[in-house]
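What follows is each chain in one-letter form.
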Amino acid sequence: MRNITLALLTAFMFSSCVGVVQEILIRRDGSGTVSLEYRFSRELETLGKLDGNENWPPLPVGKADFERTVARIPGLSLHSFTTKTAGQDIVNQVKLSFSSTEALVHLLNGSAGGSGQRASLVREGNRNRLTLGWSGGGDTDPELLSLLGAAMEGYILEFGLTLPQTPELRILDGNGRARETPPAGTVTVQGKRAGFSVPMAGLLSSPEPFTLEILW
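In this report, the structure presented in the accompanying data block is examined.

Definitions and limits used
- Residues numbered from 1 in each chain as written.
- Predicted model: local features only at pLDDT ≥ 70, side-chain atom pairs only at ≥ 80, totals over all residues.
- Heavy atoms only, no water.
- Phe/Tyr/Trp six-rings, centres within 6.5 Å; stacked < 30°, edge-to-face > 60°.
- Helix = DSSP H or I, 4+ residues; strand = E, 2+ residues; numbered from the N terminus.
- Buried < 20%, exposed > 50% of the residue type's maximum accessible area, 1.4 Å probe, protein only.
- Pairing = 2+ DSSP bridges.
- Contact = heavy atoms within 4.5 Å.
- Axes fitted to C-alpha atoms, helices over the stretch in contact; angles between N-to-C directions.
- Polar contact = N/O pair within 3.5 Å; in protein donor to acceptor, adjacent residues only side chain to side chain.
- Salt bridge = Lys/Arg side-chain N within 4 Å of Asp/Glu carboxyl O.

What to know about the packing of aromatic side chains
1) Next: Summed over the entire model, instances satisfying the criterion amount to three aromatic pairs.
2) Next: Geometrically, the ring pair formed by Phe196 and Phe210 is edge-to-face, given 5.8 Å between the ring centres and 70° between the ring planes. Linking Phe196 in strand S11 (residues 193–199) with Phe210 in strand S12 (residues 210–215), this pair joins segments that are 14 residues apart in sequence.
3) Next: By relative accessible area, which is 2% here, Phe196 ends up buried.
4) Next: Chaining the aromatic ring pairs together yields one cluster made of Tyr38, Phe66 and Phe81.

Here it is, written out as structure tokens:
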């Protein structure tokens, strides 16, 4: 059982060695653009090739995945997809556009362009409220967290949202109560842009789930 646990842990560590940069622009009419960058270890690419899948990346972030996502979500368009090598990493860069906020929410929720967050967008009176939720690590074993931290050193999640007007940003805990800072990472509001940045290890080891609310 110990050997099986170690094998599962090793696989999880490799599959988690990913950094994500996500920049979103929403215009007044609800249309906008998404710029994505996925950075993952070349070791992870090598693992994918062991099964004879040389023509496919080991993560669901290849060009074919985005083409399928665009075909599945009305109002979403793929403008470019590029891949390059940077040191020990493979870097995929993607640019998309959406004609409505509904298409954006579909993209954020579990499709190829998302970064693991749970998203919803509602209209309340004359304001929009976008919520982005992340699950915490809970009661994860401290030794496991230490191994994860070592495996994901240098990989981060950066999320930015530029809006037609200055936004208001709120942080909620797992029970929906307001808090001053997230349990992991930092949030900023600069002009019309709201941002969230966190090391991937810190995101997975967060002691509790939390939600970002962005209102404009």
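Some words on the sheet that holds strand S8 (residues 168–173)
1) Next: Within the open sheet, the five strands sit side by side as S5-S6-S12-S8-S9. Their pairing is antiparallel. Sheet topology places strand S5 (118–124) and strand S9 (178–179) at the edges, where each strand pairs with a single neighbour.
2) Next: Where S8 and S9 come together, two bridges link them in antiparallel fashion. Looking at S9, one finds that Ile171 is bridged to Arg179.
3) Next: Across the sheet, helix H4 (residues 101–108) touches S5 and strand S6 (127–134), and the angle it forms with S5 is around 155°.

A closer look at the side chain of Asn128
1) Next: Structurally, the position occupied by Asn128 is in strand S6.
2) Next: You can call Asn128 buried: its relative accessible area is 18%.
3) Next: In this structure the side chain of Asn128 is engaged in a polar contact, spanning 3.2 Å, whose partner is the side chain of Arg123.

What to know about the pattern of salt bridges
1) Next: On inspection of all chains with the given rule, the structure shows ten salt bridges.
2) Next: Across the salt bridge formed by Arg68 and Asp65, the nearest N and O atoms sit 2.9 Å from each other. Of this pair, Arg68 and Asp65 both sit in helix H3 (residues 63–72), three residues apart, roughly one helical turn.
3) Next: Classification of Asp65 as buried rests on a relative accessible area of 17%.
4) Next: Among the ionic pairs, Glu213 bridges to Arg129, the shortest N-O distance being 3.2 Å. Here Arg129 lies in strand S6 and Glu213 lies in strand S12, a separation of 84 residues in the sequence.
5) Next: For Glu213, a relative accessible area of 9% corresponds to the buried category.
6) Next: A single network of salt bridges, built from pairs that share partners, joins Glu124, Arg127, Arg129, Glu168, Arg170 and Glu213.

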